[in-house]
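Read off the chains here:
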Amino acid sequence: AKPYCRRFQVELGPFVNREGRGVLVLSGCAIIVRGQPRGGPPPERQINLSNIRAGAMARRAAQGQPDTKDTPDEPWAFQAREFLRKKLIGKEVCFTVEIKTALGREYGMVYLGKDTTGENIADSLVNEGLATVRREGIRGNNPDQARLCELEDQAKASKKGMWSEGGGTHTIRDMKYTIENPRNFVDSLHQKPINAIIEHVRDGSVVRALLLPDHYLVTVMLSGVKCPTFKREADGTESPEPFAAEAKFFTESRLLQRDVQIILESCPNQIILGTILHPNGNITELLLKEGFARCVDWSMAVYTQGAEKLRAAERSAKERKVRIWKDYVAPTANLDQKDRQFVAKVMQVVNADAMVVKLNSGEYKTIHLSSIRPPRIEGENKDKDKRFRPLYDIPYMFEAREFLRKKLIGKKVNVTVDYIRAATGPGESTPAFSERTCATVTIGGINIAEALVSKGLATVIRYRQDDDQRSSHYDELLAAEARAIKNGKGLHSKKEVPIHRVADISGETQKAKQFLPFLQRAGRSEAVVEYVFSGSRLKLYMPKETCLITFLLAGIECPRSSRNMPGGMQVAEPFSDEAMLFTKELVLQREVEVEVESMDKAGNFIGWLHIEGLNLSVALVENALSKVHFTAERSAYYKTLVSAEEGCRQRKEKVWANYEEKPVEEVVHVTEEKERVANYRAVYVTEICDTLHFYTQDVETGGQLESLMETMRAEIASQPPVEGSYAPRRGDYCIAKFADGEWYRARVEKVESPAKVHVFYIDYGNREVVPSTRLAAIPPAFSTRNLPAQATEYAFAFIQIPQDEDARADVVDCIVKDIQNTQCLLNVEYQGPTCPLVTIQFGDTKDDVGLGLVKEGLVMVDVRKEKHLQKMVTEYLNSQESAKSARLNIWRYGDFRADDADEFGYRR
């Protein structure tokens, strides 16, 4: 039969997708030919070179057959194979088949190039002394055989290859098929690239490599990826997973018998993981990009060439839906692009892994950080303890929340949605969860989840390999967790767990009372707004005092939100929701400063809240979400509040929408009052309080009081009350036996216990704590119906009371000496929030008592703006300047008001 000629390409150019045929060099005289691939791996064909013989390559003993032994290389066998490999791999060749045996073995000639005019491979081998000629079958008339003999004689004469002196024992490799300690072997290489030849491809991601120059034959699994494999069935046959054969051919056609470099990266469980580097690219990335492999988390961590490149390659294949991803549906496939990636402002940190953000549209959205789990208590039933507070009681939860709060609150962040976690129902040990939007949140290029994990304040969730609902930066999270574990950070620390003992004194009246003076003296205190109940009611965390308090904004009247009341649900007032939203956006979870002035009967503190120089009460009034309350009159912010309110009222904004101007006639009387009315009347000063408020009796009605007291005492003497028979209740009028043994009219203000009853003597203004045995029911004839309470409360007009305790004590002592239990003259100047404010004169000299305090430098002037009071105000201010010039008392260090009035307990 006439020999025929076939052209083929020994190997495709690496990483170039063009048609051709391929080859595998088995030995110095045998090659595998591959046809053109059509819709899958091509068929293979082995060609043995006619008329020559090369040395047999080393073979490992058959596994499971103890009688067999390893067979070493024959001399010059490896050199012949290498000569052929380097000459043929990647080159186009053609061949002729001369003989085909009964067993199907084919013998022929192989030529480099497109036809038989190219280099004859057998001739080249014989010429280099790497193969011998089979002379036993030579025919005298065959020119090809004659030429081979002639070439062999020339090689012998030139002592080439196997014909050189020495016998060729130095060409036999010392093959190493096993490594005693693979992990130590891998570690000893320090992840440096080593030269290698890929000898076999088991599947797309597992190869057999010959490491040079020490000839270790090792199995290497590609780090970070896994290709479809060939599963061995019970009957010994192999069944390929979808695309397993294609993936294997893809790797073979690019790497088989190529010179490469391998980085051996790790050796878990005797499996050597590595990355194969070829001058034309990285097979790991290409397998992923072409959809022949998927990323695997367990080996991704050791990949040294950048895990993000592998994820990007896999993502590209998923987007194109190629090969193993042909049926892939992205977790965010149903979301519009604007819902997948957006910029938002962080309004609240809900937990250590969740936050509420405000979108540009104004919509609020809860975002959970992808693939991380916040600190938690394992295996405990937390519901048993009703006072369990996760933020403070779960180790590192507070630190995690604070990290996010300080980093994110009020800042704009980039949000990339990774997946939507479907809602789940409650299980036996797991609670129900609503649908969650899980995303990667970054600020200034920093991945917040990664930063949280790296500090040991969260852990990374582990997934099934086929679970695609995970962070788009999952590998960075795993690497961050590994660093945190290595460095013993946070949850991974061996140190003692931090404990946060935070006292919640909200609604605890007694504790709040004890705490009030401390907060008042502190002036401005730092706080963090933990919760907003309404526009003017908040819960604050006081970091220095480590306690939680309920705080009410002073000086304003804010619309009330709806709430449950004993009689049913109280309907929300108009604009209450807007006010609460305004306060939330401005202060929730922000660091603020508070000035506590007082507290209410429920144990809630009342005062002023400042954030970055802005007074929240003023801000609410300016935005027409609150009205000014009359209690603001005595504050330093009254003028600002009134000014802000006036503008909103005129524009009829929000809470002023239904405001109607009062008739002009009602205003005219006030505006035309240009002169102060001085109508002094005689009073008797009976009591002076520490707050500089005082009580007086009218001299005109003094006789009536004396007559009533004499009659009452006579009646009590004739019919003494039964001791202990009276049960006091708050607000009741009664009679009380004073320290002088006499009975006086009184009102019960508070009942601590039968032994401690707080009473107020209604005709004299003093207070006392007495046992209930010193109290009795008031005889009806002497009740307040017959004669009203005679003690009237007043405060000094035109002066500011010092907040400093020592300074205030000096003023009180001075007043007590001057006017207590004396007759004076009193004139009401204007109305205060709790009582009239008055000027008082000494009964004999007619000198102004308040003006005297100003002259002595004991108090400061309270500047009033009313026109009819300006003459008095000017007189007071002139006296203050004189005291200041003489450096009297509070002015002894000069004018302190410019920079540190609050520090000394004064306000300008």
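The protein chain appears in an unreviewed UniProt entry as Staphylococcal nuclease domain-containing protein from Sparus aurata. Turning to the protein chain, the UniProt record has this under Catalytic activity (unreviewed entry): "Endonucleolytic cleavage to nucleoside 3'-phosphates and 3'-phosphooligonucleotide end-products." Heading Subcellular location (unreviewed entry) of the UniProt record for the protein chain holds this comment: "Cytoplasm".

A word on the UniProt feature "domain: TNase-like" (unreviewed entry) in the protein chain. UniProt feature "domain: TNase-like" (unreviewed entry): in the numbering of this structure it lies at residues 16–165, 192–327, 340–494 and 523–658. This span, residues 192–327, is 27% helix and 37% strand, and a straight line between its end C-alpha atoms measures 39 Å.

On to the pattern of salt bridges, then. Pairing between side chains of opposite charge can happen when the charged atoms of each approach one another. Taken as a whole and judged by the stated rule, the model has 46 salt bridges. Between R767 and E749 there is a salt bridge whose closest N-O contact spans 3.0 Å. With a gap of 18 residues between them, R767 in strand β43 (residues 767–770) and E749 in strand β41 (residues 743–753) connect regions that are remote in the sequence. You can call R767 partly exposed: its relative accessible area is 45%. For E749, a relative accessible area of 26% translates into the label partly exposed.

So, on to the pairing of strand β42 (residues 756–761). Remark: a regular strand shows side chains that alternate across the two faces of the sheet. Relative to β42, β41 runs antiparallel, the two being bridged by six bridges. By the bridge assignment for β42, V748 is matched with V759. Counting the residues that bridge the hairpin from β41 to β42 gives two residues. Relative to β43, β42 runs antiparallel, the two being bridged by four bridges. The residue of β43 that forms the bridge with H758 is V769. Where β42 folds back on β43, the antiparallel hairpin that results is connected by five residues, among which G765 adopts a positive phi of roughly 90 degrees.

Taken together, the side chains of D804, E805, D806, D810 and D813 make up a negatively charged region of the molecular surface. By the secondary structure assignment, D806 is in helix α20 (residues 805–819). Its relative accessible area of 59% is what places D806 among the exposed residues.

The next point concerns the side chain of S525. Relative to the helices and strands, S525 resides in strand β28 (residues 524–532). A relative accessible area of 7% means that S525 is categorised as buried.

What follows covers the environment of P802. Relative to the assigned elements, P802 resides in the loop between β46 (799–800) and α20. Using a relative accessible area of 1% as the deciding quantity, one classes P802 as buried. Sequence separation between P802 and L692 is 110 residues, and the spatial gap between their C-alpha atoms is 9.7 Å.

Within an α-helix, residues lying three or four positions from one another point in the same direction, as the helix has 3.6 residues per turn. Compared with the 20 Å implied by 1.5 Å per residue over 14 residues, the 20 Å span of helix α13 (residues 474–487) between its first and last C-alpha is a close match. Looking at the buried positions of α13, the neighbouring elements they touch are α7 (297–300), α8 (307–320), β22 (372–373), α12 (448–454) and β26 (459–460). Positive backbone phi, at 65 degrees, marks G488, one or two positions downstream of α13.

Quick look at helix α15 (residues 576–587) now. Over its twelve residues, α15 extends 16 Å from the first C-alpha to the last, a length consistent with the 16 Å expected when each residue adds 1.5 Å. Along α15, the residues classified as buried are S576, A579, T583 and V587. The buried residues of α15 occupy an angular sector of 65 degrees when projected down its axis, which confines them to one face. Looking at the buried positions of α15, the neighbouring elements they touch are β28, β29 (537–542), β34 (591–599), β35 (605–611) and α16 (616–622). Looking at the residues trailing α15, positive phi occurs at Q589, about 60 degrees.

Its domain assignment divides the protein chain into domain 1 (18–171), domain 2 (182–325), domain 3 (337–378 + 389–492), domain 4 (503–656) and domain 5 (681–891). The gap between the C-alpha centroids of domain 4 and domain 5 is 32 Å. Counting residues at the interface gives seven residues for domain 4, matched by seven residues for domain 5. Note on domain 4 versus domain 5: buried area summed over both sides is about 620 Å², and carbon and sulfur give 43% of it. It is F630, E633 and R634 in domain 4 that bury the most area against domain 5; as a group they hold 65% of the surface buried on that side. For the pair domain 4 and domain 5, the number of links is one salt bridge. As a salt-bridge pair, D862 and R634 come within 3.0 Å of each other at their nearest N and O atoms. Inspection of the domain 4/domain 5 interface yields one residue pair in polar contact (both at pLDDT 80 or more). Here the residues of the side of domain 4 that touches domain 5 are counted per class, giving one nonpolar, two polar and four charged.

Our focus in this paragraph is a positive patch on the surface. A contiguous patch of positive charge on the surface is contributed by K407, K411, K455 and K489. Locating K489 in the fold gives a position in the loop between α13 and β27 (503–504). Of the residues examined, K489 reaches a relative accessible area of 38% and is grouped as partly exposed.

Let us look at unusual backbone geometry. The step from L212 to P213 runs through a cis peptide bond, and the omega angle for that step is 10 degrees. Its place among the elements puts P213 in the loop between β10 (206–211) and β11 (216–222). A positive phi angle is found at Q191, which is not glycine, with a value near 55 degrees. With respect to the secondary-structure elements, Q191 resides in the loop between α4 (182–188) and β9 (194–203). A relative accessible area of 38% places Q191 in the partly exposed class. Phi angles above zero are rare outside glycine, and E612 is one such case at about 50 degrees. Relative to the helices and strands, E612 resides in the loop between β35 and β36 (614–615). According to the relative accessible area criterion, E612 is exposed, its value standing at 79%.

Here we take up the nonpolar core. Counting 43 residues, the largest nonpolar core has M355, I367, L369, I372, L408, V441 and L452 as the members making the most contacts within it. For this core, the secondary-structure elements that each account for two or more residues are β19 (341–351), β20 (354–358), β21 (364–369), α11 (397–408), β23 (412–421), β24 (436–443), α12 and α13. Filtering out sequence-adjacent residues up to four positions away, I367 remains in contact with F342, D353, A354, M355, V357, V415, T437, A439 and V441. Grouped together as the second largest cluster of nonpolar side chains are 40 residues, V220, V225, M300 and Y303 included.

Relative to strand β15 (residues 259–266), β9 runs antiparallel, the two being bridged by four bridges. The residue bridging A196 from the neighbouring strand is V260, located in β15. Note that β9 and β10 share six bridges and pair antiparallel. Each residue of the ladder has a partner; that of D203, found in β10, is V206. Linkage of β9 to β10, two consecutive antiparallel strands, is achieved through a turn of two residues.

A word on the environment of K100. Mapped onto the secondary structure, K100 falls in strand β6 (residues 92–100). You can call K100 exposed: its relative accessible area is 57%. Expressed as a C-alpha distance, the spacing of K100 and S598, which sit 498 residues apart in the sequence, is 109 Å. Apart from the residues lying within four places of it in its own chain, the contact partners of K100 are R105 and E106.

Inspection of the entire model under this criterion finds 20 aromatic pairs. Measuring from ring centre to ring centre gives 6.0 Å for F738 and Y744, while their planes differ by 90 degrees; the resulting arrangement is edge-to-face. Since its relative accessible area comes to 12%, Y744 is described here as buried. In this structure an aromatic cluster arises from ring pairing among F738, Y744, Y761 and Y764. Over the ring of Y216 we find K176, and its NZ or CZ is 5.2 Å from the ring centre. Over the ring of F533 we find R537; its NZ or CZ atom is 5.8 Å from the centre of that ring.

Rules of the game
- Residues numbered from 1 in each chain as written.
- Predicted model: local features only at pLDDT ≥ 70, side-chain atom pairs only at ≥ 80, totals over all residues.
- Heavy atoms only, no water.
- UniProt positions renumbered as here; feature names shortened; annotations may be inferred.
- Helix = DSSP H or I, 4+ residues; strand = E, 2+ residues; numbered from the N terminus.
- Salt bridge = Lys/Arg side-chain N within 4 Å of Asp/Glu carboxyl O.
- Buried < 20%, exposed > 50% of the residue type's maximum accessible area, 1.4 Å probe, protein only.
- Pairing = 2+ DSSP bridges.
- Patch = residues over 30% accessible without salt bridge, like charges linked within 9 Å, V, L, I, M, F, W, Y side chains within 5 Å.
- Areas by Shrake-Rupley, 256 points an atom, 1.4 Å probe, with all protein chains shown as cover.
- Lys, Arg positive; Asp, Glu negative; His and termini not counted.
- Charge placed at Lys NZ, Arg CZ, Asp CG, Glu CD.
- Expected span 1.5 Å × (residues − 1).
- Contact = heavy atoms within 4.5 Å.
- Arc of directions from axis to C-beta.
- Domains from an automatic or database assignment.
- Buried area = accessible area lost by both parts, 1.4 Å probe.
- Polar contact = N/O pair within 3.5 Å; in protein donor to acceptor, adjacent residues only side chain to side chain.
- Nonpolar A, V, L, I, M, F, W, Y, C, P; charged D, E, K, R; others polar.
- Core = buried A, V, L, I, M, F, W, Y, C linked by side-chain atoms within 4.5 Å.
- Phe/Tyr/Trp six-rings, centres within 6.5 Å; stacked < 30°, edge-to-face > 60°.
- Lys NZ or Arg CZ within 6 Å of the ring centre and 35° of its normal.

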